[in-house]
Amino acid sequence: MKTPLQLLDAFKARFGSAASIYRAPGRVNLIGEHTDYNDGFVLPAAIEFYCWTAVAPRRDGKFVIHSENFNETVEAGLDSLSPLGKKHWANYPLGVAWALRQAGKPITGANLYIAGDVPLGAGLSSSAAVEVAAGFALLNHSSHAVGLAELAQLCQKAENEFVGARVGIMDQFVSCFGRASHALLLDCRSLEHKFVRLPADLQLVICNTMVRHELASGEYNARRAECEEGVRILRTVFPEIRALRDVTLSQLEAHRRELPPKVFARCRHVITENARVKSAVEAFHPGDTAALGRLLQDSHRSLRDDYEVSCGELDLMVEIAVAQPGLIGARMTGGGFGGCTINLVKSASVTDFGRNVAAEYFSKTRLTPEIYVSPASEGAQQMALEETKPPYDRN
Ligand code: GLA
């Protein structure tokens, strides 16, 4: 990754002016998977992989956006923002510009230079990192203050309505609010959140199966629709429920026969996963590693069997991990269908853990996994190259 100064040079070489620089992180989710769009609870942490955006204003009402990763430049008029082809990288920053305009934020045209080191298609939220970094940048250069929670929601809206993926709020929220050494417990209904300090003797080890998860966006939307179907049916007997967040396991079990079997299983995952998030937060405080380990393992099984978003490579990665010394718990993380596992590992065992898992995974799949050891990091911020007031408040 370039340093901020190298990024400034790259910006100047392309656009011929100085710029301000922002960055926003990717994330890893410790527990609470596929619960965010069910108004539930999640426990992600921002990681030390970022999307960087250099920005300077233009006076002709255009956006000119260059992606270093894709080595491509696109141009769009402020008043005629519409998505490019399906899966085009520029839909993320353009979508954020569109969402900011829709919300009446007075943004003007800009040159943007975007570069990132969040692995793509690995379930570590490279998309949210681009959205948040671009949103920060656009708001700043038009000197418009906005709260971080509103920025996260507008980035989610961009992904839902402009890009066309019906994602929840988790990724954008933690990319905005992440805190070093902490995971973030988020209530996805009220957006109330609190920080959970991670034990100093544990590390977050992320193992990339190298199976890209991108092709699964249809499956993601299908899971969401199944949850909505569950709510629709359950509401006929419990009219007060608004989302699966409001349903207890005994209520679900009492009405098992009214639900198609797959819908029942999807609902059971969401309801039990919400309970696991709360138990995990309780287990972090006294450092109850045995309980944490069980919760991560149960989460993986539930995602594999009830929610059916795992895959052979993720299951294998977890199976290899749980046999290693120093492992507290392991499970798939993110949307699923490939991507990464999250492993809580005793600090003293991290090097051996990474080496052993990589060797065994390779010998069984012939795929060379990438292993990332990342501390929990800070959320979006402006890089201090000049004295400017940040356009946000953290409340
Ligand atoms: C993706 C989405 C999130 C969340 C996870 C699954 O990362 O962007 O909103 O739904 O999948 O927990």
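It should be noted that the structure appears before, not after, this text.
Residues numbered from 1 in each chain as written. Predicted model: local features only at pLDDT ≥ 70, side-chain atom pairs only at ≥ 80, totals over all residues. Heavy atoms only, no water.

Overview of the overall build of the protein
Helix and strand counts for the protein stand at 11 helices and 12 strands. Relative to a compact globule of 395 residues, whose C-alpha radius of gyration would be 21 Å, the protein shows 21 Å and is just as compact. With respect to the three principal axes, the spread of C-alpha positions in the protein is 60 × 55 × 40 Å. For the protein, with 395 residues in total, the buried portion stands at 56%. Once local pairs closer than 6 in sequence are excluded, the contacts in the protein between residues at least 24 apart make up 72%. In the structure as shown, the protein presents an accessible area of about 16,100 Å², 49% of it carried by carbon and sulfur atoms. The protein carries 42 positive and 45 negative side-chain charges, and their two centres are separated by 1 Å. (Helix = DSSP H or I, 4+ residues; strand = E, 2+ residues; numbered from the N terminus. Rg over C-alpha atoms; globule rule 2.2 N^0.38 Å. Buried < 20%, exposed > 50% of the residue type's maximum accessible area, 1.4 Å probe, protein only. Contact = heavy atoms within 4.5 Å. Areas by Shrake-Rupley, 256 points an atom, 1.4 Å probe, with all protein chains shown as cover. Lys, Arg positive; Asp, Glu negative; His and termini not counted. Charge placed at Lys NZ, Arg CZ, Asp CG, Glu CD.)

Thoughts on unusual backbone geometry
Backbone geometry at Asp39 places phi at a positive 60°, although glycine is not the residue there. Residue placement: Asp39 occurs in the loop between strand 1 (20–31) and strand 2 (41–57). Phi angles above zero are rare outside glycine, and Met210 is one such case at about 70°. Structurally, Met210 is set in the loop between strand 8 (202–208) and helix 6 (217–235).

Observations regarding the sheet that holds strand 8
For sheets, the rule is that strands pair by backbone hydrogen bonds, running either parallel or antiparallel. A sheet is described by the order of its strands in space; here four strands give the open sequence 9-10-8-11, paired in antiparallel fashion. Each edge of the open sheet carries a strand with a single partner, namely strand 9 (327–332) and strand 11 (370–373). Neighbour to neighbour, the strand axes of the sheet diverge by 20° on average, direction disregarded. Judged from the four bridges that link them, strand 8 and strand 11 form a sheet pairing that is antiparallel. Following the sheet pairing, Ile206 is matched in strand 11 by Tyr372. Strand contacts of helix 9 (residues 289–305): strand 9 and strand 10 (340–346), with the helix running at about 20° to strand 9, the strand carrying the most contacts. (Pairing = 2+ DSSP bridges. Axes fitted to C-alpha atoms, helices over the stretch in contact; angles between N-to-C directions.)

Observations regarding the environment of His300
By the secondary structure assignment, His300 is in helix 9. Taking relative accessible area as the criterion, His300 reaches 4% and is therefore assigned buried. His300 sits 18 residues away from Val318 along the chain, and the two C-alpha atoms are 8.4 Å apart. Other than its neighbours up to four places away in sequence, His300 contacts Ser310, Leu314, Asp315, Val318, Ala330, Arg331 and Met332.

Focus: the pattern of salt bridges
Where side chains of opposite charge bring their charged atoms close, a pairing between them can arise. Applying the stated criterion to the full structure yields 23 salt bridges. Of the charged contacts, one joins Asp79 and Arg101 as a salt bridge, the two residues approaching to 2.3 Å between their closest N and O atoms. Pair noted here: Asp79 is in the loop between strand 4 (72–77) and helix 2 (91–102) and Arg101 is in helix 2, with a separation of 22 residues, a long-range link. A residue is classified by how much of its surface remains accessible, and Asp79, at 68% relative accessible area, is exposed. Taking relative accessible area as the criterion, Arg101 reaches 32% and is therefore assigned partly exposed. Each of Glu226, Lys262, Arg266 and Glu308 takes part in a single network of salt bridges with overlapping partners. (Salt bridge = Lys/Arg side-chain N within 4 Å of Asp/Glu carboxyl O.)

Notes on the site of the ligand
Taken together, Arg27, Glu33, His34, Asp36, Tyr37, Val167, Gly168, Met170, Asp171, Tyr220 and Gly335 make up the full set of residues near the ligand. Contact distances for the ligand include 2.5 Å between an oxygen atom and a side-chain N or O atom of Asp36. With respect to the ligand, the backbone of Gly168 contributes an N or O atom lying 2.9 Å from an oxygen atom. Protein chains bury 94% of the 300 Å² of accessible surface belonging to the ligand in isolation. Considered class by class, the residues forming the shell around the ligand number four nonpolar, three polar and four charged. (Near = heavy atom within 4 Å. Polar contact = N/O pair within 3.5 Å; in protein donor to acceptor, adjacent residues only side chain to side chain. Nonpolar A, V, L, I, M, F, W, Y, C, P; charged D, E, K, R; others polar.)

Brief notes about the side chain of Ser125
As for its position among the elements, Ser125 is in the loop between strand 5 (110–116) and helix 3 (126–141). For Ser125, a relative accessible area of 9% corresponds to the buried category. Within the structure, Ser125 has its side chain in polar contact with the side chain of Asp171 (distance 3.0 Å). When neighbours within four sequence positions are excluded, Ser125 is seen to be in contact with Gly26, Arg27, Val118 and Asp171.

Digging into the packing of helix 2 against helix 3
Direction vectors running N to C along helix 2 and helix 3 enclose 50°, while the axes themselves pass 8 Å from each other. Taken together, the axes of helix 2 and helix 3 are oblique relative to one another. The crossing of helix 2 and helix 3 is right-handed. Here Tyr92, Pro93, Val96, Ala97 and Leu100 of helix 2 come into contact with helix 3, specifically with Ser127, Val130, Glu131, Ala134, Gly135, Leu138 and Leu139. Taken together, the residues of the contact of helix 2 with helix 3 sort by class into nine nonpolar, two polar and one charged. (Parallel < 35°, antiparallel > 145°, perpendicular 65-115°, else oblique. Left-handed = near helix turned anticlockwise from the far one by under 90°.)

Honestly, it's all geometry; don't read function into it.
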